[in-house]
There are 2 protein chains.
Amino acid sequence: MLQRVLSEIRIAGFGGQGVILAAAVIGKAQAIFQGGYATMTQSFGPEARGGSSSAQVILSGEPILYPYVTHPDVLVVMSQEAYTRFAPQLKSGGTLITERDLVRVDHIPHGVRAYGVPATRLAEELGRKVVLNIVMVGFFGAVTKLVDAEALRKAVADSVPPALEKLNLQAFDKGFEYGSLLMDRIAESGEAEEVLSLESA
Amino acid sequence: MLQRVLSEIRIAGFGGQGVILAAAVIGKAQAIFQGGYATMTQSFGPEARGGSSSAQVILSGEPILYPYVTHPDVLVVMSQEAYTRFAPQLKSGGTLITERDLVRVDHIPHGVRAYGVPATRLAEELGRKVVLNIVMVGFFGAVTKLVDAEALRKAVADSVPPALEKLNLQAFDKGFEYGSLLMDRIAESGEAEEVLSLESA
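Residues numbered from 1 in each chain as written. Chains lettered and ligands numbered in written order. Predicted model: local features only at pLDDT ≥ 70, side-chain atom pairs only at ≥ 80, totals over all residues. Heavy atoms only, no water.

**Student:** Please set out the nonpolar core residue by residue, giving values where relevant.
**Tutor:** Side chains that are nonpolar tend, in soluble globular proteins, to be buried together. In this structure, Ile-9, Ile-11 and Ile-26 of chain A together with Ile-9, Ile-11 and Ile-26 of chain B are the most contacted members of the largest nonpolar core, which totals 102 residues. Excluding residues that lie within four positions of it along the chain, Ile-11 of chain B makes contacts with Val-19, Ala-22, Ala-23, Ile-26, Ser-53, Ser-54, Ala-55, Val-76 and Met-78 of chain B. Judged by nonpolar contacts, the second largest core, of 14 residues, contains Val-77, Ala-82, Leu-90 and Val-103 of chain B. (Core = buried A, V, L, I, M, F, W, Y, C linked by side-chain atoms within 4.5 Å. Buried < 20%, exposed > 50% of the residue type's maximum accessible area, 1.4 Å probe, protein only. Contact = heavy atoms within 4.5 Å.)

**Student:** I'd like to hear about unusual backbone geometry, residue by residue, with values.
**Tutor:** Peptide bonds are trans in most cases, and residues, glycine excluded, mostly fall at negative phi. Residues other than glycine seldom take positive phi values, yet Lys-145 of chain A does so here, at roughly 55°. Structurally, the position occupied by Lys-145 of chain A is in the loop between α4 (132-144) and α5 (149-159). (Helix = DSSP H or I, 4+ residues; strand = E, 2+ residues; numbered from the N terminus.)

**Student:** Which residues make up helix α1 (residues 19-31) of chain A, and what values do they have?
**Tutor:** Think of an α-helix as 3.6 residues a turn; residues three or four steps apart then line up on the same face. Residue and element names in this part refer to chain A. With 13 residues, α1 should cover 18 Å at 1.5 Å per step; its first-to-last C-alpha distance of 19 Å lies within 8% of that length. Within α1, twelve of the 13 residues are buried, which leaves it mostly tucked inside the rest of the structure. When α1 is considered as a whole, its buried residues turn out to be Val-19, Ile-20, Ala-22, Ala-23, Ala-24, Val-25, Ile-26, Gly-27, Lys-28, Ala-29, Gln-30 and Ala-31. (Expected span 1.5 Å × (residues − 1).)

**Student:** Residue-level account of the interface of chain B and chain A, with values.
**Tutor:** In this complex, chain B contributes 24 residues to the contact, which on the side of chain A involves 24 residues. In this assembly, chain B packs against chain A so that about 1,900 Å² is buried in total across both faces, 64% of it on carbon and sulfur atoms. Linking chain B with chain A are zero salt bridges, by the criterion used here. Within the residue set of the side of chain B that touches chain A, elements represented by two or more residues are α1 (19-31) and β2 (37-44) of chain B. Partitioned by chemical class, the residues of the side of chain B that touches chain A number 14 nonpolar, eight polar and two charged. (Buried area = accessible area lost by both parts, 1.4 Å probe. Salt bridge = Lys/Arg side-chain N within 4 Å of Asp/Glu carboxyl O. Nonpolar A, V, L, I, M, F, W, Y, C, P; charged D, E, K, R; others polar.)

**Student:** Let's hear about the confidence of the model for chain A: which residues, and what values?
**Tutor:** Residues and elements named next belong to chain A. With 94% of its residues at a pLDDT of 70 or more, chain A has an overall mean of 89. The secondary structure element of chain A with the lowest average pLDDT is strand β2 (residues 37-44), at 87, and the one with the highest is α4, at 98. At the level of chain-chain contacts, confidence expressed as ipTM amounts to 0.70, with global pTM at 0.82. (pLDDT = per-residue confidence, 0-100.)

**Student:** Explain the packing of α1 of chain A against α4 of chain A to me, and be specific about the residues and the numbers.
**Tutor:** Residues and elements named next belong to chain A. Interaxial distance between α1 and α4 falls to 9 Å at its minimum, and their mutual angle equals 35°. Seen along the crossing, α1 lies across α4 with a hand that is right-handed. Of the residues in α4, those touching α1 at Leu-21, Ala-22, Val-25 and Ile-26 are Asn-133, Ile-134, Val-137 and Phe-140. (Axes fitted to C-alpha atoms, helices over the stretch in contact; angles between N-to-C directions. Left-handed = near helix turned anticlockwise from the far one by under 90°.)

**Student:** Quick rundown of the sheet that holds β2 of chain B? Include the residues and the values.
**Tutor:** Judged by pairing direction, the sheet is mixed, and its twelve strands sit side by side in the order β6(A)-β5(A)-β4(A)-β1(A)-β3(A)-β2(A)-β2(B)-β3(B)-β1(B)-β4(B)-β5(B)-β6(B) without closing on themselves. The open sheet has two edge strands with one neighbour each: β6 (113-117) of chain A together with β6 (113-117) of chain B. The average angle at which neighbouring strand axes cross in this sheet is 15°, direction not considered. Direction of pairing for β2 of chain B relative to strand β3 (residues 52-60) of chain B: antiparallel, over a ladder of five bridges. Residue pairing for β3 of chain B: Met-40 of chain B is matched across the bridge by Val-57 of chain B. The strands that α4 of chain A touches are β1 (7-14), β4 (74-77), β5 (95-99) and β6 of chain A; relative to β5 of chain A, the one it contacts most, it runs at about 150°. The sheet contacts of helix α4 (residues 132-144) of chain B involve β1 (7-14), β4 (74-77), β5 (95-99) and β6 of chain B, and relative to β5 of chain B the element is tilted by about 150°. (Pairing = 2+ DSSP bridges.)

**Student:** Run through the relation of the copies chain B and chain A, naming residues and quoting values.
**Tutor:** In this structure, two copies of a chain are linked by a rotation about an axis accompanied by a shift along it. Least-squares fitting of chain B to chain A yields an RMSD of 0.0 Å, with the transformation described by 0.0 Å of translation along the axis and a rotation of 180°. Overall, the copies show the geometry of a two-fold rotation axis. Within chain B, Thr-41 of chain B has its C-alpha nearest the rotation axis, a separation of 2.2 Å. When the interface residues of chain B are mapped onto chain A, 100% of them again fall at the interface, so both copies present the same face. (Least-squares fit on C-alpha atoms with pLDDT ≥ 70 in both.)

**Student:** I'd like a rundown of the pattern of salt bridges, residues and numbers included.
**Tutor:** All names here are of chain A. With the rule as written, the count across this model stands at eleven salt bridges over all chains. Notably, a salt bridge pairs Lys-91 with Asp-73, separated by 3.1 Å at the nearest N-O pair. Of this pair, Lys-91 sits in the loop between α2 (80-86) and β5 while Asp-73 sits in the loop between β3 (52-60) and β4, placing them 18 residues apart in sequence. A salt bridge links Glu-125 to Lys-174; the shortest N-O distance between them is 2.5 Å. You can see Glu-125 sitting in helix α3 (residues 119-125) and its partner Lys-174 sitting in helix α6 (residues 165-189), a full 49 residues away along the chain. Owing to a relative accessible area of 46%, Glu-125 belongs among the partly exposed residues under this scheme. Within this structure, Arg-121, Glu-125 and Lys-174 form a network of salt bridges that share partners.

Okay, structure coming up:
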């Protein structure tokens, strides 16, 4: 189902983790496979030097007039540096999604829900650590429900070379399943003021 | 040398041609390797359906406040559809860069300079058609001189997996050399009101 409310998402990590591809997949899913609108913006400036990477995606049911994200509704972080830098900007009531083995969360702002996934480890189970970004996209889909799983899967297939499609879809499914199971557990046991992940929930 | 004047660039083609990567390379070259600023924006909307892909890059010596490109200074097109759609938006005095075997230019707007490169063929000479986007980036560098070749080369190396670095740098060099030779020829023989390319210059 197309979400019509405007949602701002920031994805951040190291260079080389596939931050831009993850952002592009989410944008495509919304716009091309779900009939909505999306923009992706990447700013390269002094802050981009030193190996960090950050991309912003806005999802909307209407054309988007201003593409910059200042206070995201959802922050997806794959490095400690990205967490430290961007977590204070998260909107109150927002959602923090972390790669749980790469990011230690020292303080969850009031009203923010935090969810962690061992994306690197799940990617390594597929033999290719490089697909951790797509594991994160799957987890994002299950946790936020902002974009339908089927639209996200089609966008993954549409965004990678044919030879890597199967691997990337497996990565997506692993992240999505981990997230779905986590949300089921939370529904049973209630929220807690900590990073929620299958091992800690 | 860092260009301080704001330049707006649009790159457009089919999905799968690597439009976003080409845009990201140019943005990174300016901001990370040349000390300037850049933004990349991609809008996914109804116009993105049907396999076309377009990315916008703004280069500046100063932080960029508004990242949308409306009338680009430089338009790089890798498909006929992209040419038809975006050529009318090119700024007067702007530069049109085409993949000459994929785009037939029927009318060059007054004051626009047009340059063509057989990027697909040059990429095929390296055995991998998929690097045509990086051939285009090399040609873009030689023709526009908006970003230094060395900064572009570093950005190419920084943007591709290590295993593909050599191939992509060769692709960059092929495009850059083709463009440099073309600009030398034009300096000798003068501009003409046609798409300038080595075979036609």
